[in-house]
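Each chain is listed here by its residues.
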Amino acid sequence: MREVEILNATFRTSDGKPLVKFTFESFTAYADIANSDQELLQYGDSAATYDSNAIADAFNRCDDTAIRHRNAINIYIFDAHSRKEGFGDVTSHGKRNSNRPFVLLDHARLNNAIQNAEAHEMGHAFGLGHVGVPNAKLTTSTNIMTSAAEEFGSGGKRDIGFTPAQSAIILYHAVRTHSRLGLD
C-alpha cells in the first residue's frame, strides 16, 4: 500500500498536478506462490540477462491469479542482476505491454529509496521513454524519465514531474489501459 501512496504523491505533472489515481488491489507474498509452475516466476531474482519480450510473453501467458491480476497493473518486487554489479544492481523496469502494463521494481528501490523509481517505471508502463540530461549528477533535479542509460550524466533525482508532452502520452495510454484491463 505504501508504494501506491508513493505513486499517488509523485506521479505528477511538472506543475504538481496528479495524472492518474492509483488504488491498491492486492498483495501476494513470494512464499505463497513459490511452488507455482508459472514461467513468470523464473524471472524473479534471476541471474539471466533481462529480456523484456520474454518476460512480457511469460506475463501474458500467466493464468495464476495470485501472480497476475488481469484487471490491475501488476508490480513485482525482485532482486535485479547484471553482469557488472551482480545482485547489487538496482535496475527496475516498466513495460506498457499493449496496455496491459507491469512493473518490475528492485527491492532496494522500495519506499522511493532511489531516484523515484516507482514513478519512473510507471512512466514506462504508460508508454514513456527515457530522456537525457547532460552532466546531471545524482543530486541534480531532473525529469522523472531521466536516465543514465542515455549515456551522459546520471538519472538525477527524478523529482521534476512529467512535461505536457509526456503527460499527454500518459493520459492517452491511461484511457486504453483502463479499457484493456476491463475497468470500464
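Reading the values: rules and limits
Residues numbered from 1 in each chain as written. Predicted model: local features only at pLDDT ≥ 70, side-chain atom pairs only at ≥ 80, totals over all residues. Heavy atoms only, no water. Helix = DSSP H or I, 4+ residues; strand = E, 2+ residues; numbered from the N terminus. Rg over C-alpha atoms; globule rule 2.2 N^0.38 Å. Buried < 20%, exposed > 50% of the residue type's maximum accessible area, 1.4 Å probe, protein only. Areas by Shrake-Rupley, 256 points an atom, 1.4 Å probe, with all protein chains shown as cover. Lys, Arg positive; Asp, Glu negative; His and termini not counted. Charge placed at Lys NZ, Arg CZ, Asp CG, Glu CD. Phe/Tyr/Trp six-rings, centres within 6.5 Å; stacked < 30°, edge-to-face > 60°. Axes fitted to C-alpha atoms, helices over the stretch in contact; angles between N-to-C directions. Parallel < 35°, antiparallel > 145°, perpendicular 65-115°, else oblique. Contact = heavy atoms within 4.5 Å. Nonpolar A, V, L, I, M, F, W, Y, C, P; charged D, E, K, R; others polar. 1 Å grid on protein atoms, 1.4 Å probe; cavity = no way out; pocket = protein on both sides within 12 Å on 5 of 7 lines; lining within 4 Å. Points joined across faces, edges and corners; volume = space filled by probe spheres on them.

(A) Just the overall build of the protein, in detail. A tally of helices and strands in the protein yields five helices and three strands. Taken over the C-alpha trace, the protein has a radius of gyration of 16 Å; the compact-globule value for 184 residues is 16 Å, and the two agree within 12%. Across its three principal axes, the protein shows a C-alpha extent of roughly 45 × 45 × 25 Å. The burial tally for the protein puts 43% of its 184 residues in the buried class. Just so you have it, the protein exposes about 9,900 Å², and 52% of that area is on carbon and sulfur atoms. The centroid of the 18 positive side-chain charges in the protein is displaced by 7 Å from the centroid of its 22 negative side-chain charges.

(B) Focus on the packing of aromatic side chains. Scanning the model with the defined rule gives six aromatic pairs in all. Each ring, one from Phe 22 and one from Phe 126, has its centre 6.4 Å from the other, and the planes form 70 degrees; the classification is edge-to-face. With Phe 22 in the loop between α1 (2–10) and α2 (30–33) and Phe 126 in the loop between α4 (117–125) and α5 (164–180), the pair connects residues that are 104 residues apart, well separated along the chain. No difference in accessibility class separates Phe 22 from Phe 126, as the two residues are buried.

(C) Just the packing of α1 against α4, in detail. Two elements in contact, α1 and α4, have axes whose closest approach is 9 Å; the angle formed by their N-to-C orientations is 75 degrees. One element, α1, and the other, α4, form an angle in the roughly perpendicular class. Mapping the contact onto sequence places Glu 3, Ile 6, Leu 7 and Thr 10 in α1 and Glu 118, Ala 119 and Met 122 in α4. Its residues assigned to classes, the contact of α1 with α4 shows four nonpolar, one polar and two charged.

(D) Broad picture of empty space enclosed by the protein. Taken as a whole, this structure holds one cavity of 30 Å³ or more when the rule is applied. The calculated volume of the largest cavity comes to roughly 50 Å³. Forming the walls of the largest cavity are Glu 3, Leu 7, Ile 75, Ile 77, Val 103, Leu 105, Glu 118 and Met 122. Contributing elements (two or more residues each) for the lining of the largest cavity: α1, β1 (74–78), β3 (102–106) and α4. Of the residues in the lining of the largest cavity, the class split is six nonpolar, no polar and two charged.

(E) Main features of the side chain of Thr 146. You can see Thr 146 is positioned in the loop between α4 and α5. Excluding residues within four positions of it along the chain, Thr 146 makes contact with His 120, Val 131, Val 133, Ser 154, Gly 155 and Arg 158.

Bear in mind that shape data such as this cannot, by itself, settle questions of function.
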